[in-house]
Amino acid sequence: MLGLMQEHPLVISSLIDFVEREHPEQEIVTRTGERSEDRHRITYAELADRARRLAAALHRLDIGLGDRVATLAWNTHRHLEIFYGVSGVGAVCHTINPRLFAEQVAFMINEAEDKLLLVDLDLLPVVEAVAPALNHLPPIVVLAPQDQLPASLPVASANLLSYETLLAESAPSFAWPALDERTAAVLCYTSGTTGKPKGVLYSHRAILLHTYAACMKDALGFGAADTVMPVVPMFHVMAWGIPYAAAAVGCKLVLPGRYLDAPSLCDLIIEEGVNFAAGVSTIWLNLVHHLEATGTRLPSMERILCGGSPVARTTVQEFAEHADVKVVHAWGMTELSPIAGVNSPKRGTARYPSPAYFELQKKQGRALFGIDIKTVDEAGRMLPRDGTTSGFIKTRGHWVIEEYFRHAGEGTVDADRWFDTGDVGTIDEHGYLLITDRTKDMIKSGGEWISSIELENLAVSHPAIAEAAVIAVKHPRWVERPLLLCVKQPSAEASREDILAFYDGKVAKWWIPDDVLFVDSLPYTATGKLFKSELRKQYADYEITGR
Ligand code: AMP
């Protein structure tokens, strides 16, 4: 017997309709210019109006069901309108990371066969750089008023359109078409640091289910009374779903544009009363150093969600001590829409602020309802949840990839639809996941694994160390040994021996790196992760002879 309840398609237009009806007056603030006070304000009612105008304009430009529309844009109200307008008409919003290499951007535009490019004014040089490598240069809509458009763009002068003119010429009466909830809504490529990027094609349904889960208390857990700032870019897995979750709850949104330096973020947080923010570890590391150096406090801020790469225990502790801000660790990936786990407490686990809480936050978190997570050994056998047995992390669920865009039939998931994340770690008896490495970054010394993440975490807990990376280098006897590369805190002093001695008693003797090199900076990928494959290349011939 079937249930007798209504069924409505889970589609993105329902979010913008909802927020327009229930929270029309709520604000979206965007940092727009060099001066801290350069801010644009818009309400959800106005945003919805503009999203419908954009939809009407897309129709005029012959963009319809399944067409890909690329964006090269920062976190702004216009990008938010585009998220709703493009997906709302059944087209696919293809968000591109402008920090990637030109060849990668060109590859993505070519593979996606984008029919239109929506580009922030200051990112037009990216289009210029990639244009020669494009199979076809689509028309370009510049996200600015007509009078700000450049007189000419060497590669594309004929095709420049003004976004504001397009909207002004459209009526706001556009009615969202009825869509199948399985329709593709957004396309986002993985960063492809070790090969060609691959496209992940999200459906309306997956995004809506992810949105429901993200709004749970143990996930993002914000509501209509909150002021939320996604620092994570909208081109990095849809800013972790915050644009959709914000509409689902009707919170105030604060969008930092391209101004992600610590002083700019501080101004926005303090002046707009931000109490929840999300972003990658490096952003928060810079911010907490800025707070310490300037004695600034963040009175409104309550929680910071930190993910994308491991957050160090010291960062969690420093935020608590200097600003009374609770840092919450989360884990996800492009293929998982992206949130899979968040480190929220259970009854009986450590509470903020306490040393045990800081320690627990080294773990990436517990699975959200809607996602299954397990660890397996090399033969694919499920491993115990004991917090010590390390294995390959697999996931499946409502917002997990089935296959990559244009890679049909390549076996992205196994027969039971488990997706191999490429991460390695443990799950403890409470379900908390600890990532110890990426499969590609693992160090196997004398047949045993060493966790580079654990060694990095310890290194940055040394007062003289600001950043650390541990990579495998060749060793004649043990095959691989760990090499620690670190950046010192400004004006701090420490020797190789100090750092090595610091590991004593904290990890097994054979885990201690064989060498320490002090460097001026470490390389990061376009999504803010340590660029370890690059480091391995740089130190491919590094010789460790001792031990
Ligand atoms: P991306 O698809 O660019 O978001 O990258 C996903 C990968 O980033 C994951 O598979 C992990 O290797 C890594 N990652 C994401 N969040 C964390 C975290 N909290 N701790 C450690 N690694 C993380």
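Owing to the predicted nature of the structure, the values given are computational and were not obtained by experimental measurement. (Residues numbered from 1 in each chain as written. Predicted model: local features only at pLDDT ≥ 70, side-chain atom pairs only at ≥ 80, totals over all residues. Heavy atoms only, no water.)

Draft legend 1. Highlighting the overall build of the protein chain. Counting its regular elements, the protein chain contains 16 helices and 25 strands. Over its C-alpha atoms the protein chain spans a radius of gyration of 24 Å, differing by no more than 12% from the 24 Å that the globule rule assigns to 547 residues. Overall, the C-alpha framework of the protein chain stretches about 70 × 65 × 50 Å when taken along its three principal axes. Counting over 547 residues, the protein chain shows a buried share of 60%. Sequence separation of 24 or more characterises 68% of the internal contacts of the protein chain that already satisfy a separation of 6 or more. Roughly 22,600 Å² of accessible area belongs to the protein chain as shown, and the carbon and sulfur atoms make up 52% of that amount. Charged side chains of the protein chain number 52 positive and 69 negative; the gap between the two group centres comes to 4 Å. (Helix = DSSP H or I, 4+ residues; strand = E, 2+ residues; numbered from the N terminus. Rg over C-alpha atoms; globule rule 2.2 N^0.38 Å. Buried < 20%, exposed > 50% of the residue type's maximum accessible area, 1.4 Å probe, protein only. Contact = heavy atoms within 4.5 Å. Areas by Shrake-Rupley, 256 points an atom, 1.4 Å probe, with all protein chains shown as cover. Lys, Arg positive; Asp, Glu negative; His and termini not counted. Charge placed at Lys NZ, Arg CZ, Asp CG, Glu CD.)

Draft legend 2. Quick peek at the sheet that holds strand S19 (residues 419–427). With antiparallel pairing, four strands are arranged side by side in an open sheet as S17-S18-S19-S20. A strand with exactly one partner marks an edge of an open sheet, and here the two such strands are strand S17 (371–376) and strand S20 (433–438). When the angles between neighbouring strand axes are averaged without regard to direction, this sheet yields 45°. As judged from the six bridges shared by S17 and strand S18 (residues 391–397), these two strands associate in the antiparallel manner. Across the sheet, the residue bridging to Ile371 is Gly397, located in S18. (Pairing = 2+ DSSP bridges. Axes fitted to C-alpha atoms, helices over the stretch in contact; angles between N-to-C directions.)

Draft legend 3. Expanded view of the site of the ligand. Lining the immediate surroundings of the ligand are 15 residues, of which His329, Ala330, Thr334, Asp423 and Arg438 lie closest. Between Pro310 and the ligand, the recorded distance is 3.3 Å, taken from a backbone N or O atom to a nitrogen atom. In the environment of the ligand, a nitrogen atom lies 2.7 Å from a nitrogen or oxygen atom belonging to the backbone of Ala330. When the ligand is considered free in solution it has 490 Å² of accessible area, and contact with the protein chains removes 93% of it. With four residues, strand S14 (residues 326–332) is the largest single contributor of residues to the shell around the ligand. A breakdown of the residues in the shell around the ligand according to their chemical character gives four nonpolar, eight polar and three charged. (Near = heavy atom within 4 Å. Polar contact = N/O pair within 3.5 Å; in protein donor to acceptor, adjacent residues only side chain to side chain. Nonpolar A, V, L, I, M, F, W, Y, C, P; charged D, E, K, R; others polar.)

Draft legend 4. Fine view of the environment of Thr30. Inspection of the secondary structure assignment puts Thr30 in strand S1 (residues 27–31). On the basis of relative accessible area, Thr30 is assigned to the buried category, the value being 1%. Taking the C-alpha atoms as reference, Thr30 lies 9.4 Å from Leu268; in sequence the two are 238 residues apart. Thr30 has contacts with Asp38, Arg39, His40, Asn75, Thr76, His77 and Leu255, leaving out every residue within four places of it along the chain.

Draft legend 5. Broad picture of the side chain of Lys394. The residue Lys394 is located in strand S18 in this model. Judged by its relative accessible area of 16%, Lys394 falls in the buried class.

Draft legend 6. Up close: the domain arrangement of the protein chain. Here the protein chain is partitioned into domain 1 (13–25 + 38–202), domain 2 (371–438) and domain 3 (442–538). Each of domain 1 and domain 2 has a C-alpha centre, and these two points are 33 Å apart. Counting from both sides, the interface comprises eleven residues of domain 1 and, opposite them, five residues of domain 2. Among the residues of domain 1 in contact with domain 2, Glu111, Lys198 and Gly199 are the three that bury the most area, contributing 57% of the side total. Taken together, the connections running from domain 1 to domain 2 amount to one salt bridge. (Domains from an automatic or database assignment. Buried area = accessible area lost by both parts, 1.4 Å probe. Salt bridge = Lys/Arg side-chain N within 4 Å of Asp/Glu carboxyl O.)

Draft legend 7. Quick peek at helix H9 (residues 242–249). The element H9 is largely enclosed, with a buried count of seven among its eight residues. All of the buried residues along H9 are Ile242, Pro243, Tyr244, Ala245, Ala246, Ala247 and Val249. Immediately beyond the C-terminal end of H9, within one or two residues, lies Gly250, with a positive phi of roughly 75°.

Draft legend 8. Representation of the pattern of salt bridges in the model. Evaluated as defined, the whole model comprises 38 salt bridges. A salt bridge links Arg52 to Glu20, with the shortest nitrogen-to-oxygen separation between them at 3.0 Å. Taken together, the positions of Arg52 in helix H2 (residues 44–60) and Glu20 in helix H1 (residues 13–22) put the pair 32 residues apart, joining distant regions of the chain. Judged by its relative accessible area of 13%, Arg52 falls in the buried class. Here Arg205 ties to Glu181 by a salt bridge, and the two come within 3.1 Å at their closest N and O atoms. Taken together, the residues span a long stretch of sequence, with Arg205 in helix H7 (residues 204–214) and Glu181 in the loop between helix H6 (163–168) and strand S8 (184–189) at a distance of 24 residues.

Draft legend 9. View of the sheet that holds strand S11 (residues 252–255). The mixed open sheet is built from nine strands, whose spatial order is S2-S1-S11-S10-S12-S13-S14-S15-S16. Unpaired on one side and paired on the other, strand S2 (39–43) and strand S16 (366–367) mark the two borders of the sheet. Bridge analysis of strand S15 (residues 339–342) against S16 gives two bridges, and the strand direction is antiparallel. The residue of S16 that forms the bridge with Val342 is Arg366. Sheet strands in contact with H2 are S1, S2 and S11, and its direction is about 85° off that of S2.

Draft legend 10. Structural detail: the packing of H7 against H9. The N-to-C vectors of H7 and H9 enclose an angle of 65°; their axes lie 9 Å apart at closest approach. In this view, H7 runs roughly perpendicular relative to H9, as classed from their interaxial angle. Considering the relative orientation of H7 and H9, their crossing is right-handed. Where H7 approaches H9, its residues Ile207, Thr211 and Ala214 are matched on the opposing element by Tyr244, Ala245 and Ala248. In terms of residue class, the contact of H7 with H9 is made up of five nonpolar, one polar and no charged. (Parallel < 35°, antiparallel > 145°, perpendicular 65-115°, else oblique. Left-handed = near helix turned anticlockwise from the far one by under 90°.)

Draft legend 11. Layout of the packing of aromatic side chains. Considering all chains together, one arrives at nine aromatic pairs under this definition. Ring centres of Trp510 and Trp511 lie 6.2 Å apart, and the angle between their planes is 75°; on these two criteria the pair is classed as edge-to-face. Here Trp511 falls in the buried class, since its relative accessible area comes to 19%. Members of the aromatic cluster, joined through ring pairs, are Phe83, Tyr84 and Tyr244. When the ring centre of Tyr259 is taken as reference, the NZ or CZ atom of Arg31 above it lies at 4.3 Å. A cation over a ring is seen here: Lys488 above Phe518, with NZ or CZ 4.4 Å from the ring centre. (Phe/Tyr/Trp six-rings, centres within 6.5 Å; stacked < 30°, edge-to-face > 60°. Lys NZ or Arg CZ within 6 Å of the ring centre and 35° of its normal.)

Draft legend 12. Molecular detail of the packing of helix H10 (residues 262–272) against helix H11 (residues 281–294). Where H10 contacts H11, the two axes come as close as 9 Å, and the packing angle between them is 80°. When the interaxial angle is binned, H10 and H11 end up roughly perpendicular. Residues Ala262, Pro263, Leu265, Cys266 and Ile269 of H10 touch H11, and the partners they reach there are Ile283, Asn286, Leu287, His290 and Leu291. Here the contact of H10 with H11 is built from residues that sort into eight nonpolar, two polar and no charged.

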